[in-house]
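Okay, here's what each chain looks like letter by letter:
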Amino acid sequence: METTTAEGRTIVPARTGRAVRVAAGQRISVSDLDGGQVGDLFAFRADDPSEHLSAGHTRAATSRLFPAVGQDFVTDRRRPILTLVSDTSPGRHDMLIPACDPARYAGLGADPGHPSCAENLRASLAALGLTALATPQPVNVFMRIPVEGDELRWLPASSRPGDAITFRAVVDCVVVLSACPQDLVGINGGHPTRLAIDLT
């Protein structure tokens, strides 16, 4: 499992995950290389990985379903960890849906061993000698889950080849990105593809 600790590009192959160490002030861009691909993004404080980016706490802090450019993503201790810097995609992202996991695929009738974002998170952290006690709810970049009344719709990602969303690290952190392997509902158009992480 590859990890990045300095400036450069990390390719995240379809259905897999990668972890990067990010210094405070660095920018992290997630690019959809082929279009239509969802990425589950997680972030943990480098000095205390038990503190992690929290989708729920971020919604409470911003009063939005997803932060606007210039707003912070906060941790489960309500402290900023990432700032949204720019977004060249259509701007459809999600912070309502949990990471896919083996139980989700079992419920969908998949064969045992189907890749999942939860397992990708564990493997990516393990490559850095880290573990997570639980799977935090991710920031699902490029994921299109509109809220219509009391219902959610699962639509294909509308990101185009080369679209990117960029964050700035507020503190030293570890960021994990999973190129979501979901191929049984339509969020990836039935065909998961690769993503890229660029650190600058």
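Structural notes, computed from the coordinates.

Conventions and cut-offs
Residues numbered from 1 in each chain as written. Predicted model: local features only at pLDDT ≥ 70, side-chain atom pairs only at ≥ 80, totals over all residues. Heavy atoms only, no water. Helix = DSSP H or I, 4+ residues; strand = E, 2+ residues; numbered from the N terminus. Rg over C-alpha atoms; globule rule 2.2 N^0.38 Å. Buried < 20%, exposed > 50% of the residue type's maximum accessible area, 1.4 Å probe, protein only. Contact = heavy atoms within 4.5 Å. Areas by Shrake-Rupley, 256 points an atom, 1.4 Å probe, with all protein chains shown as cover. Lys, Arg positive; Asp, Glu negative; His and termini not counted. Charge placed at Lys NZ, Arg CZ, Asp CG, Glu CD. Core = buried A, V, L, I, M, F, W, Y, C linked by side-chain atoms within 4.5 Å. Pairing = 2+ DSSP bridges.

Turning next to the overall build of the chain. In terms of regular secondary structure, the chain is built from three helices and 13 strands. The C-alpha atoms of the chain give a radius of gyration of 15 Å, which matches the 16 Å a tight globule of 200 residues would have. With the C-alpha coordinates of the chain rotated into their principal frame, the extents come out at 40 × 35 × 30 Å. Across the 200 residues that make up the chain, the buried fraction comes to 50%. Nonlocal contacts in the chain, meaning residues at least 24 apart in sequence, comprise 74% of its contacts between residues at least 6 apart. With an accessible surface of roughly 8,600 Å², the chain has 49% of that area assigned to carbon and sulfur atoms. Charge separation in the chain, taken as the distance between the mean sites of 19 positive and 22 negative side-chain charges, equals 3 Å.

In this structure, Phe73, Leu82 and Phe167 are the most contacted members of the largest nonpolar core, which totals 51 residues. Considering each element in turn, this core owes the most residues, six residues, to strand 12 (residues 173–179). Setting aside anything within four residues of it in sequence, one finds Phe73 in contact with Leu53, Thr58, Phe66, Pro67, Arg79, Pro80, Ile81, Leu82, Leu84, Met95, Val139 and Phe167.

The element strand 12 is largely enclosed, with a buried count of seven among its seven residues. Here strand 3 (residues 17–22) runs beside strand 12; their pairing, made up of six bridges, is antiparallel. Residue pairing for strand 12: Val20 is matched across the bridge by Val175. Of the strand pairs in this sheet, strand 5 (residues 39–45) and strand 12 are connected by seven bridges, and their pairing is antiparallel. Along strand 12, the bridge assignment pairs Ala43 with Val175.

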